[in-house]
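Given next are the chains, with one letter for each unit.
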Amino acid sequence: MKIAIAHDYLIQMGGAERVVEVFHHMYPQAPIFTTVFSSNGLLDALKDADIRASWLQKMPGGTNNFKGMLPLYPFAIRDFDFREFDMVLSSSSAFMKSIQVPKETFHLCYCHTPMRFAWDYDTYMQRQSKSNVLKQLLKIYMQQLKTWDQRTSKNVNQFVANSSVVKNRIQNYYNRDSDVIFPPINTSRFHSSATIGNYYLIVSRLVSYKRIDLAVETFSRNGLPLYIVGEGPDLGRLRQLAKSNVKFLGRLEDGDVTKLMAECRALIFPGEEDFGITPLEANAAGRPVIAYQSGGALDTIMPKLNGIFFKRQEIDDLDAAINEVENHAWDVQQIVNHARKFDEKAFMVNFKNYIGKAYEKFREGR
């Protein structure tokens, strides 16, 4: 098969981009189609890839203000030409599931989620510092975008969801069935440590829906050290909420993050995520996770084995979970063994087998 990979945009280094990295390892000759990309934002493993960007790449501000280009993405993806490919493997949490492929080309979408900024607009925008007028205008546009998103879901031959909650969203929003295959974790990047520090850790993009503010307010109240790794538009607001025991470390190299994970008291995961690769990376380093009891964490956190849940996104609930972590005797090897179930080597074998069977079924049905 001649395969192409498609991904929404390659601007930041998040969990979805880690999945694209694994797809590139699986199919190194496959070009990667994307709307815009930033050389500075690429994972090292993707810097040798054949990346084919849309015309948005050449527009002023196309890479620096990629969110401001929101109305243009549906038009940009129309111009991709997939006629030479037997299969397109799209990785999508926004627009790429809507690409048009020839009827003889198989389109499998690995869906991280249907676009959250449209389907869960109020939650997504709740803590963003936009004017009320702009929020209302965007809300009107999001209604149109949801209609387009539903219609173009028919462009996908086979959906694969990255978690149980995303499977439910695909069914609810698109009326389409999907199979769940959890994202891959490179567990070999991580190692446990005999030395554990006194700090708690967050590794995340700093955007409002991830609820980093809840952690900042909780630790500002309890006085325990909290280190936050990551960048994003919510940084200014979070700094204003933080006391001196909360440290913002910015974007760090993988090796530095690995060390911080291995030596933290626990990783804090305060938002509702579609899946959440970071908690399993902390587990691969032998450390427990304190997670909000919702979303993808329900598939990966086993209470008292590799983490603790808190039920409400409230300071008291998170604080109680922190105390529970401190008073529990954690088995480091059990935590690591749990993370290894999600290792990328097993993912690559299973996913290749799945793709092969799905493609054959597609050909038989033509």
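Our subject is the structure listed above.
So, here is what we can say about the structure in this document. (Residues numbered from 1 in each chain as written. Predicted model: local features only at pLDDT ≥ 70, side-chain atom pairs only at ≥ 80, totals over all residues. Heavy atoms only, no water.)

1. Here's the deal with unusual backbone geometry
Phi at Asn-175 takes a positive value of approximately 55°, unusual for a residue other than glycine. Here Asn-175 is to be found in the loop between α6 (164-174) and β7 (179-180). Backbone geometry at Lys-304 places phi at a positive 75°, although glycine is not the residue there. Following the sequence through the fold, Lys-304 ends up in the loop between α11 (297-300) and β13 (307-310). Using a relative accessible area of 43% as the deciding quantity, one classes Lys-304 as partly exposed. (Helix = DSSP H or I, 4+ residues; strand = E, 2+ residues; numbered from the N terminus. Buried < 20%, exposed > 50% of the residue type's maximum accessible area, 1.4 Å probe, protein only.)

2. Quick word on the pairing of β13
Burial along β13 is two-sided: the residues Gly-307 and Phe-309 and Ile-308 and Phe-310 are all buried. Strand direction decides the pairing type here: strand β12 (residues 289-292) and β13, joined by 4 bridges, are parallel. Bridged to Val-289 within β13 is Gly-307. (Pairing = 2+ DSSP bridges.)

3. Some points on the state of the cysteines
Summed over all chains, the structure comprises 0 disulfides. Summary of cysteine pairing: Cys-109 is not part of a disulfide, and the nearest cysteine sulfur, belonging to Cys-111, is at 4.9 Å. (Disulfide = S-S within 2.5 Å.)

4. A word on helix α5 (residues 132-152)
The end-to-end C-alpha separation of α5 is 30 Å, in line with the 30 Å expected for 21 residues at 1.5 Å each. Taken together, the buried positions of α5 are Lys-135, Tyr-141, Met-142, Leu-145, Lys-146, Trp-148, Asp-149 and Thr-152. Buried residues in α5 make contact with α2 (73-76), α3 (116-119), α4 (121-125) and α6. (Expected span 1.5 Å × (residues − 1). Contact = heavy atoms within 4.5 Å.)

5. Comments concerning the packing of helix α1 (residues 15-26) against helix α14 (residues 344-365)
Closest axis-to-axis distance for the α1/α14 pair is 11 Å, and the angle between their directions is 65°. Seen from above, α1 lies across α14 with right-handed handedness. Where α1 approaches α14, its residues Val-22, Phe-23, His-25 and Met-26 are matched on the opposing element by Glu-344, Phe-347, Met-348, Phe-351 and Lys-352. When its residues are assigned to classes, the contact of α1 with α14 shows 6 nonpolar, 1 polar and 2 charged. (Axes fitted to C-alpha atoms, helices over the stretch in contact; angles between N-to-C directions. Left-handed = near helix turned anticlockwise from the far one by under 90°. Nonpolar A, V, L, I, M, F, W, Y, C, P; charged D, E, K, R; others polar.)

6. A few points about the environment of Glu-326
Inspection of the secondary structure assignment puts Glu-326 in helix α12 (residues 315-326). On the basis of relative accessible area, Glu-326 is assigned to the partly exposed category, the value being 36%. Among the polar contacts listed, one links the side chain of Glu-326 to the side chain of Arg-265, at a separation of 2.8 Å. (Polar contact = N/O pair within 3.5 Å; in protein donor to acceptor, adjacent residues only side chain to side chain.)

7. Observations regarding the pairing of strand β10 (residues 246-250)
On a regular strand, each side chain points to the face opposite its neighbour's, so the side chains alternate between the two faces of the sheet. Both strand β9 (residues 226-229) and β10 contribute to a ladder of 4 bridges, which runs parallel. Residue Val-229 lies in a different strand from β10, and its bridge partner there is Gly-250. Remark: the β9/helix α8 (residues 235-241)/β10 crossover connection has right-handed handedness. (Right-handed = clockwise from strand over helix to strand, strands pointing away.)

8. A word on the pattern of salt bridges
All chains considered together, the criterion is met by 25 salt bridges. Between Glu-326 and Arg-265 there is a salt bridge, and its shortest N-O distance comes to 2.8 Å. Placement of the pair is Glu-326 in helix α12 and Arg-265 in the loop between α9 (254-263) and β11 (267-269), with a sequence separation of 61 residues. (Salt bridge = Lys/Arg side-chain N within 4 Å of Asp/Glu carboxyl O.)

9. So, the nonpolar core
Counting 42 residues, the largest nonpolar core has Phe-82, Phe-95, Ile-99, Met-115, Phe-117, Met-142 and Leu-145 as the members making the most contacts within it. When contributions to this core are tallied by element, the ones reaching two or more residues are β1 (3-7), α2, β5 (106-111), α3, α4, α5, β6 (158-161) and α6. Those residues in contact with Met-115 that sit more than four places away from it in its chain are Ser-93, Ala-94, Phe-95, Leu-145, Trp-148 and Asp-149. (Core = buried A, V, L, I, M, F, W, Y, C linked by side-chain atoms within 4.5 Å.)

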